Amino acid sequence: MDYVAGMDWQQAVSLLIVAATAGVFLWTRFRRRQFRFERDTHCGCSSPSQAAPQRSIVFHARKGERPQIILKSQ
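Being a predicted model, the structure only gives us computed values, none of them experimental.

Conventions adopted
Residues numbered from 1 in each chain as written. Predicted model: local features only at pLDDT ≥ 70, side-chain atom pairs only at ≥ 80, totals over all residues. Heavy atoms only, no water. Helix = DSSP H or I, 4+ residues; strand = E, 2+ residues; numbered from the N terminus. Contact = heavy atoms within 4.5 Å. Areas by Shrake-Rupley, 256 points an atom, 1.4 Å probe, with all protein chains shown as cover. Patch = residues over 30% accessible without salt bridge, like charges linked within 9 Å, V, L, I, M, F, W, Y side chains within 5 Å. Salt bridge = Lys/Arg side-chain N within 4 Å of Asp/Glu carboxyl O. Phe/Tyr/Trp six-rings, centres within 6.5 Å; stacked < 30°, edge-to-face > 60°. Lys NZ or Arg CZ within 6 Å of the ring centre and 35° of its normal. Buried < 20%, exposed > 50% of the residue type's maximum accessible area, 1.4 Å probe, protein only. Pairing = 2+ DSSP bridges.

Colleague: Teacher, can you tell me more about the overall build of the protein chain here?
Modeller: Along its length, the protein chain carries three helices and two strands. Each helix and strand of the protein chain, ordered N terminal to C terminal, gives the series α-α-α-β-β. Taking contacts inside the protein chain between residues at least 6 apart in sequence as the whole, the part at least 24 apart equals 0%. Accessible area of the protein chain: about 7700 Å², with a carbon and sulfur share of 59%.

This is the structure in structure tokens:
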């Protein structure tokens, strides 16, 4: 207990911040999650085999050249 009595205000505040952060992490870890229809019932979600093809957009531009926009299907 001598350590706690010998702390200055900066050490006490930093210890309080660490304790509060640990408390928030533990509270979010063990609290009950809210019900979400999409996540909990999987209704309206397509199966992975029926997923739409993935597309990506690539922007290509260099100084003095015309910019290009390329659509890639995966």
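Colleague: Can you walk me through a nonpolar patch on the surface in this structure?
Modeller: On the surface, Ile57, Phe59, Ile69 and Leu71 cluster together into a nonpolar patch covering about 500 Å² of accessible area. Listing elements by their share of the nonpolar patch, those giving two or more residues are strand S1 (55-60) and strand S2 (68-73). Tracing the backbone through its elements, the reader meets Ile69 in strand S2.

Colleague: What's the story with the packing of aromatic side chains in this structure? I'm lost.
Modeller: Aromatic rings in a pair are described by how distant their centres are and how their planes are angled relative to each other. The full count for this structure, using the stated rule, is zero aromatic pairs. Note that Arg31 overlies the ring of Trp27, its terminal NZ or CZ placed 5.3 Å from the centroid.

Colleague: It is not clear to me how the pairing of S1 should be interpreted in this structure. Could you clarify?
Modeller: Two faces, one strand: in a regular strand the side chains alternate between the faces of the sheet. Across the six residues that make up S1, only a small minority, zero, are buried. In this structure, S1 lies alongside S2, joined through six bridges in antiparallel fashion. When the bridges of S2 are listed, His60 appears paired with Gln68.

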